[in-house]
Amino acid sequence: MSAWFAHLPVVPIVVPLAAAAVILFLTERARVLRVAVASVSIVVQLAAAVALLALTTEAFPDIWSQGVGAYAIGGWPAPFGIVLVIDRLTGLMLVLNAVVTLAAFVNSLAYWDRVGPHFHALLQLLSMGVNGAFLTGDLFNLFVFFEILLAASYGLLLHGSNTQRVRIGLHYIVVNLTGSLLLLVGVSLIYGVTGTLNLADLPARAAALSIADRTLFDAAAAILAVAFLTKAGCWPLNFWLPGTYAAASAPVAAVFAVLTKVGIYALLRLGSLIGSADALAHLDGSALLRPDLFRGGLYYLGIATMGFGIVGTLAAQQLSRLVGYSVIVSSGLLLMVMGLDHPPLLAPALFYLVGSVLATGAFFMLTGMTERAWRSPPKPASAAAEPALLPAGGYVPYGVRRAPPVPEQDAEVGVAIPAAMAFMGLMFAFCVLLVTGSPPLSGFIAKFAILSAAIHAAQGAPWATAAWMLVFVTLAAGLASLIALTRIGMRLFWSVTGRNTPRLRVLEAGPVAMLVLMCIGLTVAAGPVMRFFESTAASLRSPQIYIETVLATEGSR
Amino acid sequence: MEALFALAIGVLTGSGVWLLLRPRTFQVIVGLALLSYAVNLFIFGMGRLVVGRAPIVAPGMVADAAQMADPVPQALVLTAIVIGFATTALLLVVLLAARGLTGTDHVDGRESG
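All figures in this text were calculated on a predicted structure; none of them were measured in a lab.

Colleague: I tried to follow the overall build of chain B on my own but got confused; where do I start?
Modeller: Scanning chain B from terminus to terminus reveals three helices and zero strands. Overall, chain B shows an N-to-C arrangement of helices and strands of α-α-α. The dimensions of chain B, computed from C-alpha atoms along their principal axes, are 70 × 30 × 15 Å. The buried share of chain B, taken over its 113 residues, is 35%.

Here it is, written out as structure tokens:
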């Protein structure tokens, strides 16, 4: 293995960190330079993520022999040092994050990056936090990267601050700070009981615990799960979500579509590893944690989340809130599938996860455009347009005397695309098909695969009712969002009053088209993609390889 | 010592949760601060409470893990304090911005009732 490959896992963390630092040193006026640094960083992240994903597949069997690679930061061997671990699921999530960040970045160049300071630096830090949370093989670093991504998300949510964003931002920050405190309690309790923070070291130690300690460990795992479920948007911890996503500016909401999936990822990873501890514990006859109870809990929480999402979808009057509720529905479906814990369901669920992130990301950016078209007619040349910017004084603490000039959102700059309304209508139709899971796009394939696996599982299984319930709720959610989206679509695109055709620049329309095209690509290549997801799911179900690879990591000291 | 320690965490958590549920932003931020103190003490306690056993290996001394405090929770608690401090500072700025923009210190940005 060449030295170059060995250091690849750290690239998705170091590059955005360095880029953010460099961008902070450049002044607001050196916008071209900032954008250049940010775009180089994002392209490098995308390339590194794709390379990491490729290295975990069978295509390069001699690099990481079994699809898992570990990188010891600082050269200390695991479990004493801190490790980054890359496996198929991690690689997949890294690519997903890089793609959505790239789309949001390009989309922001049209307007949003100029309405407040430090958009690009914050976006880089968010990307770093998300990448780190996916890569880390250590519970405490999971907390640290969660904090980094949350701190960046606070800044991004408040970006272009107006009253609405500040009010919602206050709630968002308080909820997430409380969640982080729970995360800390869980992490430290697990350390106190098992004496390790390394995820790979955890299962064996958890399996060897005494009965009293095992109860504490279970409590710690439950507290951790509450923190992750808050991030994942699980009912009843998700009342912050629709308002937050609706208040954020369009590109920010698009990257936030990935954030809920960080919570889902953490649950998948911990579930996979701690689940293996249960298997070990069963072996020596001292099974205490009842995984059925935990998983059953997830299943019912998933149903409640989907129910909440369905009702919210039907009740939402604004498109941006509606898309926020569809994020909740997708989280709920994933939680239900995780709760059922039926192996053939996992691969379709991962397919659904990827497709729904791409689709909701595109949808949020599209929502930003439609909001412009149906805003009350623009008052002539005033700043009545959306963001009540920070007063010029707001920039002084950042070393900028005067706020840089912000062009009107519909100003005659940049290259506009022709037939803006037709483009928006077309993209809206695609997004609706993707989000509701209607044929023929990738949303349909994902849901069809989930339903097919569930119906197949329902034949004769003792939990047939639960599987049928999954089928029913999934179909109901699709129907509800179809009804709601059709209603809003008719109001948006078929009513002629109060509409003014916006100028859509290539920069803002392009990313939406890119994400939708990727979903179409997922549809066309559904076979190979699904096979990849199946191998990913298989590696999640047999975490032994992950554990052995990490614990065999040699330090360089 | 354990009982006193547990009592301190309990009182801090109780006061913190109560303040967190109050309608004024200042109360909420003080509540969060108290909660984070409680959590920091909790992390510290997870290393087991011992007195006078610094985790330092002096030259010529035989290192014996049983005779030392666990250094990992101490490192964790330092990190948690730094992160908590930064996020509280950020929240203070947002609190002031919300007060300036909405004209009220109610968490919802408007007086209830």
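Colleague: Explain the overall build of chain A here, please?
Modeller: Regarding its fold elements, chain A presents 20 helices and two strands. Counting only residues that meet the buried cut, chain A has 62% of its 557 residues in that class. Considering only contacts in chain A between residues 6 or more positions apart, those separated by 24 or more positions represent 81%. Summed over all atoms, the accessible surface of chain A reaches about 20,300 Å², with 71% contributed by carbon and sulfur.

Colleague: Looking at this model, I keep getting lost on the nonpolar core. Mind explaining?
Modeller: Nonpolar side chains in soluble globular proteins tend to end up buried together. Grouped together as the largest cluster of nonpolar side chains are 211 residues, with contacts concentrated most on Leu139(A) and Phe363(A). Setting aside residues up to four positions removed in sequence, Leu139(A) forms contacts with Val187(A), Ile190(A), Leu197(A), Leu199(A), Leu202(A), Leu224(A) and Leu270(A). Membership of the second largest hydrophobic core comes to seven residues, among which are Phe5(B), Leu12(B), Leu19(B) and Leu34(B).

Colleague: It is not clear to me how the interface of chain B and chain A should be interpreted in this structure. Could you clarify?
Modeller: How big an interface is tends to be stated in terms of the accessible area lost upon association of its parts. The interface of chain B with chain A comprises 30 residues on the first partner and 24 residues on the second. Both faces combined, the contact of chain B with chain A buries some 2,500 Å², and carbon together with sulfur accounts for 83% of it. On the surface where chain B and chain A come into contact, there are zero salt bridges. At the surface where chain B touches chain A, the tally comes to five residue pairs in polar contact (both at pLDDT 80 or more). At the level of secondary structure, the elements contributing two or more residues to the side of chain B that touches chain A comprise helix 2 (25-45) and helix 3 (71-102) of chain B. The biggest single contributor to the side of chain B that touches chain A is helix 3 of chain B, with 15 residues. For the side of chain B that touches chain A, the residue count by class is 21 nonpolar, six polar and three charged.

Colleague: Looking at this structure, how should I read the packing of helix 16 (residues 442-458) of chain A against helix 17 (residues 464-494) of chain A?
Modeller: Packed helices, taken two at a time, are described by the angle their axes make and the gap between the axes. All names here are of chain A. At a minimum axis separation of 8 Å, helix 16 and helix 17 run at an interaxial angle of 155°. Relative to helix 17, the element helix 16 is oriented roughly antiparallel. Regarding helix 16 and helix 17, the two cross each other, and that crossing is left-handed. Facing Lys 447, Ile 450, Leu 451, Ala 454, Ile 455 and Ala 458 of helix 16, the residues of helix 17 in contact are Ala 464, Ala 467, Trp 468, Leu 470, Val 471, Thr 474, Leu 475 and Gly 478.

Colleague: Could you clarify how one ought to interpret the packing of helix 7 (residues 163-194) of chain A against helix 3 of chain B in this entry?
Modeller: Closest axis-to-axis distance for the helix 7 of chain A/helix 3 of chain B pair is 9 Å, and the angle between their directions is 165°. As summarised for this structure, helix 7 of chain A and helix 3 of chain B are arranged roughly antiparallel, according to the angle between their axes. The crossing of helix 7 of chain A and helix 3 of chain B is left-handed. Touching Thr163(A), Val166(A), Arg167(A), Leu170(A), Ile173(A), Val174(A), Leu177(A), Leu184(A) and Tyr191(A) of helix 7 of chain A are Val72(B), Pro73(B), Ala80(B), Thr87(B), Leu91(B), Val94(B), Leu95(B), Ala97(B), Ala98(B), Leu101(B) and Thr102(B), all from helix 3 of chain B. Grouping the constituent residues of the contact of helix 7 of chain A with helix 3 of chain B by class yields 16 nonpolar, three polar and one charged.

Colleague: Whenever I open this one, the packing of aromatic side chains confuses me. Can you help?
Modeller: How two aromatic rings sit relative to each other is set out by the distance from centre to centre and by the angle between their planes. Residues and elements named next belong to chain A. Under the counting rule described, the total for this entry stands at 15 aromatic pairs over all chains. A ring pair is formed by Tyr 245 and Phe 364, whose centres lie 5.7 Å apart and whose planes are at 55°; its orientation type is tilted. Here the residue Tyr 245 occupies a position in helix 10 (residues 241-247), and Phe 364 occupies one in helix 14 (residues 343-373), the gap between them amounting to 119 residues. For Tyr 245, a relative accessible area of 2% puts it in the buried group. Look at Phe 364 and you get buried, because its relative accessible area is 3%. Judged by centre distance (5.9 Å) and plane angle (55°), the rings of Phe 532 and Phe 533 are tilted. Of the two residues, Phe 532 and Phe 533, both sit in the buried class.

Colleague: Can you walk me through the pairing of strand 2 (residues 82-86) of chain A in this structure?
Modeller: Two faces, one strand: in a regular strand the side chains alternate between the faces of the sheet. All names here are of chain A. With four of five residues buried, strand 2 is to be regarded as a mostly interior element. Sheet analysis places strand 1 (residues 69-73) next to strand 2, joined by five bridges and oriented antiparallel. Across the sheet, the residue bridging to Gly 69 is Ile 86, located in strand 2.

Colleague: Hey, could you run me through helix 3 (residues 31-56) of chain A in this one?
Modeller: Turn by turn, an α-helix covers 3.6 residues, leaving residues three or four places apart pointing in a common direction. Between its terminal C-alpha atoms helix 3 of chain A stretches 37 Å, which fits the 38 Å expected from 26 residues at 1.5 Å a residue. Every buried residue of helix 3 of chain A is accounted for by Arg34(A), Val35(A), Ala38(A), Ser41(A), Ile42(A), Gln45(A), Ala48(A), Ala49(A), Leu52(A), Leu53(A), Leu55(A) and Thr56(A).

Colleague: I would appreciate a short explanation of a nonpolar patch on the surface in the present structure.
Modeller: Residue and element names in this part refer to chain A. A surface patch of nonpolar side chains, about 260 Å² in accessible area, is lined by Leu 314, Leu 479 and Ile 483. Mapping Ile 483 onto the fold places it in helix 17. Taking the relative accessible area as the measure of exposure, Ile 483 reaches 45% and is therefore partly exposed.

Colleague: Can you walk me through the environment of Leu177(A) in this structure?
Modeller: Topologically, Leu177(A) is positioned in helix 7. Sequence separation between Leu177(A) and Ala151(A) is 26 residues, and the spatial gap between their C-alpha atoms is 9.7 Å. If we skip the residues at most four places from it in the chain, Leu177(A) touches Tyr154(A), Leu32(B), Thr87(B) and Leu91(B).

Colleague: Teacher, can you tell me more about the environment of Arg269(A) here?
Modeller: Residue and element names in this part refer to chain A. Relative to the assigned elements, Arg 269 resides in helix 11 (residues 250-283). Residues Arg 269 and Gly 137, 132 residues apart in the sequence, show an inter-C-alpha distance of 9.8 Å. Other than its neighbours up to four places away in sequence, Arg 269 contacts Asp 87, Leu 89, Thr 90, Leu 199, Leu 540 and Tyr 546.

Colleague: Which parts of the structure should I look at to understand the confidence of the model for chain B?
Modeller: Caution is warranted with low-pLDDT regions, since their predicted coordinates should not be read in detail. Averaged over chain B, the pLDDT score is 87; the fraction of residues at 70 or greater is 99%. This prediction of the complex comes with two scores: 0.88 for pTM and 0.92 for ipTM.

Colleague: I'm lost on unusual backbone geometry in this one. Help?
Modeller: If a residue is not glycine, its phi is most likely negative; likewise, a peptide bond is most likely trans. Following Trp235(A), the chain continues into Pro236(A) via a peptide bond in cis, with omega recorded as 0°. The topology assignment puts Pro236(A) in the loop between helix 9 (211-232) and helix 10. Across the junction of Pro439(A) and Pro440(A), the peptide omega takes the value 10°, indicating a cis bond. Examined against the element boundaries, Pro440(A) turns out to sit in the loop between helix 15 (420-436) and helix 16. Phi is positive for Arg48(B), close to 70°, though the residue is something other than glycine.

How each quantity is defined
- Counting restarts for each chain: residues are numbered from 1 in the order of the written sequence.
- To read the labels, note that chains go from A and ligands from 1, taken in the order they are written.
- For this predicted model, a pLDDT threshold of at least 70 governs which residues receive local features, and a threshold of 80 or more governs which side-chain atom pairs are given and counted, while totals over whole chains, interfaces and linings are taken from all residues.
- The side-chain quantities take in all heavy atoms of the structure and omit both hydrogens and water.
- Starting at the N terminus, helices and strands are each numbered in turn, a helix being any DSSP run of H or I of at least four residues and a strand any DSSP run of E of at least two.
- Each residue's exposure class comes from its accessible area (1.4 Å probe, protein chains only) as a fraction of the maximum for that residue type: buried when under 20%, exposed when over 50%, partly exposed otherwise.
- Contact criterion: two residues are considered in contact whenever any of their non-hydrogen atoms come within 4.5 Å of each other.
- Here the accessible surface of atoms and residues is derived via Shrake-Rupley with a 1.4 Å probe, and residues count as covered only by protein chains that are part of the display.
- Throughout, nonpolar core names a set of buried Ala, Val, Leu, Ile, Met, Phe, Trp, Tyr and Cys residues whose side chains join them through atoms within 4.5 Å.
- Accessible area that two parts lose when put together, with a 1.4 Å probe and added across both, is what the buried area reports.
- Salt bridge, as used here, is a side-chain nitrogen of Lys or Arg placed within 4 Å of a carboxyl oxygen of Asp or Glu.
- Polar contacts, as counted here, are pairs of nitrogen or oxygen atoms within 3.5 Å of one another; within protein the pair requires one atom able to donate a hydrogen and one able to accept it, and residues that are adjacent in sequence qualify only if both atoms are side-chain atoms.
- Side-chain classes are defined by residue name, with Ala, Val, Leu, Ile, Met, Phe, Trp, Tyr, Cys and Pro counting as nonpolar, Asp, Glu, Lys and Arg as charged, and the others, Gly among them, as polar.
- Only the stretch in contact is used when a helix axis is fitted, and all axes are lines through C-alpha atoms; the angle between N-to-C directions ranges over 0 to 180 degrees.
- Here is the rule for angles: anything less than 35 degrees is roughly parallel, anything more than 145 is roughly antiparallel, 65 through 115 is roughly perpendicular, and the remaining ranges are oblique.
- Less than a right angle of anticlockwise turn of the near helix away from the far helix marks a crossing as left-handed, whereas a clockwise turn marks it as right-handed.
- Pairing of aromatic rings covers Phe, Tyr and Trp, the last through its six-membered ring, and needs centres within 6.5 Å; plane angles under 30 degrees mean stacked, over 60 mean edge-to-face, and all others mean tilted.
- When DSSP finds two or more bridges between a pair of strands, those strands are recorded as paired.
- Given a helix with a known number of residues, its expected span is that number minus one, times 1.5 Å.
- Within the patch definition used here, like charges are joined within 9 Å and nonpolar side chains (Val, Leu, Ile, Met, Phe, Trp, Tyr) within 5 Å, considering only residues with over 30% relative accessible area and no salt bridge.
- What pLDDT reports is the predictor's confidence in each residue, on a scale of 0 through 100.

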